[in-house]
Amino acid sequence: MNGSRIAAVGHYQPARVLTNEELAGMVDTSDEWITSRVGIRTRHIAGPDEPVDELAAHAAAKALAAAGLAPGDIDLVLVATSTAIDRSPNMAARVANRLGVPSPAAMDVNVVCAGFTHALATADHAVRAGAATRALVIGADKMSDVTDWSDRTTCVLVGDGAGAAVVEASEEARIGPVLWGSVPEMGHAVRIEGQPARFAQEGQSVYRWATTQLPGIARKACEKAGLAPEDLAGVVLHQANLRIIEPLAEKLGAVNAVVARDVSESGNTSAASIPLALSKLVEQGRISTGDPVLLFGFGGNLSYAGQVVRCP
């Protein structure tokens, strides 16, 4: 086996839906203000009895079922998250325990909004190197736990959820080479810090960086896969807000691609946003098996990671 592939995907969102109208009763905002600035209409919010590992386990179970696999077929569990409350056991171990995965390597990956694409690349490397046979790669975040619900600049953005992928060996590389990096000196632009931890960002700095610097980086991710942007059938960017997604996709030049816009109904779910949006596109039949799709995460730490994958 010379490569790896995504065998199946799955996603999960809490049942509770928080609308813009409800938010307008909590802070000084309105549906018009939110939709015109970030394009978000609703978001799903987990309850106090729904921890991050529960969200992750639901999404992972769906991916396993779609792949026709059992928990015992998995030997590596990677969870991308930045909203774990406890340091140990880590989120990956908790998810493995919930699912009944017998003895996996279990690691968390904290690269905030770019976490899933970092974790996917790590799984790809591990499988191709022979260090793992099949991996569960999960992006899961409960952003409601780290949100100041009195701050209208951040509370209107966030949502909770999880998405997962099963990665396994394949005869050809169906997960392309990763292009990743960061801007450490601008790490202050997106933060989850303090006691209690709270999400904060410098919105204009993030917007300028994302819309001016990232299109060229995303094109290079396509080049590493040997494709031009116009060859893409799908583009799944981190679902930050529509004011970033739409200009970034336009500048990328993926004129024939379906562009994920799940942020409108899910909000910014951080590490969950890419696998959540990808799983929905697959479920809806908007992309087909074998289609080339660019996954591109960016945000916290001003980190980024992207790769072209073939749709499961």
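K.L.:
Just to check I follow, could you spell out the pairing of strand 11 (residues 234–237) for this structure?
P.N.:
Residues of strand 11 alternate between two faces, with Gly234 and Val236 on one and Val235 and Leu237 on the opposite face, all of them buried. Here strand 11 runs beside strand 12 (residues 258–259); their pairing, made up of two bridges, is parallel. Bridge pairing links Gly234 to Val258 in strand 12. Following the backbone out of strand 11, through helix 9 (residues 242–252) and into the adjacent parallel strand 12, one traces a crossover that is right-handed. Of the strand pairs in this sheet, strand 11 and strand 13 (residues 292–298) are connected by four bridges, and their pairing is parallel. From the neighbouring strand, Leu237 faces strand 13, where its bridge partner is Phe296.

K.L.:
Teacher, can you tell me more about the sheet that holds strand 8 (residues 179–182) here?
P.N.:
Adjacent strands of a sheet form backbone hydrogen bonds with each other and so pair up, either parallel or antiparallel. One open sheet holds the five strands; their spatial order is 8-14-13-11-12, and the pairing between them is mixed. Of all strands in the sheet, those bounded by a partner on one side alone are strand 8 and strand 12.

K.L.:
Would you mind showing me how to read the environment of Ala123 here?
P.N.:
Topologically, Ala123 is positioned in helix 5 (residues 115–128). Look at Ala123 and you get buried, because its relative accessible area is 0%. Discounting residues that sit within four places of it in the chain, Ala123 has contacts with Leu76, Leu78, Ala135, Val137 and Val167.

K.L.:
Help me understand the packing of aromatic side chains, please; the structure alone is not making it clear to me.
P.N.:
The description of an aromatic ring pair rests on the distance of the ring centres and on the angle between the ring planes. Summed over all chains, the structure comprises one aromatic pair. With a centroid separation of 6.2 Å and an interplanar angle of 40 degrees, the aromatic rings of Phe296 and Phe298 are classed as tilted. Across the pair, Phe298 and Phe296 agree in class, each one buried. Above the plane of the ring of Trp33 lies Arg152, whose end atom (NZ or CZ) is 4.4 Å from the centre. One residue, Arg243, lies across the ring of Tyr207, its end atom 4.8 Å from the ring centre.

K.L.:
Looking at this structure, how should I read the pattern of salt bridges?
P.N.:
Side chains carrying opposite charge are able to pair once their charged atoms draw close together. Scanning the model with the defined rule gives 13 salt bridges in all. Where Arg98 meets Asp53, a salt bridge forms, and the shortest distance between an N and an O atom there is 2.6 Å. Note that Arg98 is positioned in helix 4 (residues 91–99) and Asp53 in helix 3 (residues 52–67), a separation of 45 residues in sequence. Using a relative accessible area of 44% as the deciding quantity, one classes Arg98 as partly exposed. Judged by relative accessible area, Asp53 falls into the buried class, the value being 9%.

K.L.:
Explain the packing of helix 3 against helix 4 here, please?
P.N.:
One way to put it is that helix 3 packs onto helix 4 with a least axis distance of 9 Å and a crossing angle of 55 degrees. Put simply, helix 3 runs oblique to helix 4. Handedness of the crossing formed by helix 3 with helix 4: right-handed. Of helix 4, the residues touching helix 3 (which contributes Val52, Asp53, Glu54, Ala56, Ala57, Ala60 and Ala61) are Met91, Arg94, Val95, Arg98 and Leu99. The residue makeup of the contact of helix 3 with helix 4, split by class, is eight nonpolar, no polar and four charged.

Cut-offs used in this document
Residues numbered from 1 in each chain as written. Predicted model: local features only at pLDDT ≥ 70, side-chain atom pairs only at ≥ 80, totals over all residues. Heavy atoms only, no water. Buried < 20%, exposed > 50% of the residue type's maximum accessible area, 1.4 Å probe, protein only. Helix = DSSP H or I, 4+ residues; strand = E, 2+ residues; numbered from the N terminus. Pairing = 2+ DSSP bridges. Right-handed = clockwise from strand over helix to strand, strands pointing away. Contact = heavy atoms within 4.5 Å. Phe/Tyr/Trp six-rings, centres within 6.5 Å; stacked < 30°, edge-to-face > 60°. Lys NZ or Arg CZ within 6 Å of the ring centre and 35° of its normal. Salt bridge = Lys/Arg side-chain N within 4 Å of Asp/Glu carboxyl O. Axes fitted to C-alpha atoms, helices over the stretch in contact; angles between N-to-C directions. Parallel < 35°, antiparallel > 145°, perpendicular 65-115°, else oblique. Left-handed = near helix turned anticlockwise from the far one by under 90°. Nonpolar A, V, L, I, M, F, W, Y, C, P; charged D, E, K, R; others polar.

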